[in-house]
Amino acid sequence: MTDEERKAWLELWSAVFGEPPPIVSDGDLAARILVAHLPPAPPYEIKSRTE
């Protein structure tokens, strides 16, 4: 994981949980925890340009 990727993970974790992440050596585990706790994406609607 690059430094930029690690910084992005830390910021995302803090945004989701409101605190810094615990020390995790497994990036895949941290990703699975984050995905499990993120809210689902809202349904998107594609509108035509004429609307």
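Residues numbered from 1 in each chain as written. Predicted model: local features only at pLDDT ≥ 70, side-chain atom pairs only at ≥ 80, totals over all residues. Heavy atoms only, no water.

### Considering the overall build of the protein
- Counting its regular elements, the protein contains two helices and zero strands.
- Residues counted as buried form 8% of the 51 residues belonging to the protein.
- Surface accessibility of the protein: about 4800 Å² in total, with carbon and sulfur atoms responsible for 58%. (Helix = DSSP H or I, 4+ residues; strand = E, 2+ residues; numbered from the N terminus. Buried < 20%, exposed > 50% of the residue type's maximum accessible area, 1.4 Å probe, protein only. Areas by Shrake-Rupley, 256 points an atom, 1.4 Å probe, with all protein chains shown as cover.)

### A few points about a nonpolar patch on the surface
- Together, Leu12, Val35 and Leu38 line one region of the surface with nonpolar side chains, adding up to about 240 Å² of accessible area.
- Residue placement: valine 35 occurs in helix α2 (residues 27–37).
- Judged by relative accessible area, valine 35 falls into the exposed class, the value being 59%. (Patch = residues over 30% accessible without salt bridge, like charges linked within 9 Å, V, L, I, M, F, W, Y side chains within 5 Å. Salt bridge = Lys/Arg side-chain N within 4 Å of Asp/Glu carboxyl O.)

### Here's the deal with α2
- Turning to α2, its buried residues are Ala30, Ala31 and Leu34. Looking straight down α2, one finds that the buried residues subtend no more than 100° of arc, so they occupy a single side.
- Packing partners of the buried residues in α2 comprise α1 (3–17). (Arc of directions from axis to C-beta. Contact = heavy atoms within 4.5 Å.)

### So, the pattern of salt bridges
- Following the criterion strictly, the structure yields one salt bridge and no others.
- Between glutamate 11 and lysine 7 there is a salt bridge, and its shortest N-O distance comes to 3.9 Å. With a gap of four residues between them, glutamate 11 and lysine 7 both fall in helix α1, about one helical turn apart.
- When its relative accessible area of 49% is taken as the criterion, glutamate 11 is described as partly exposed.

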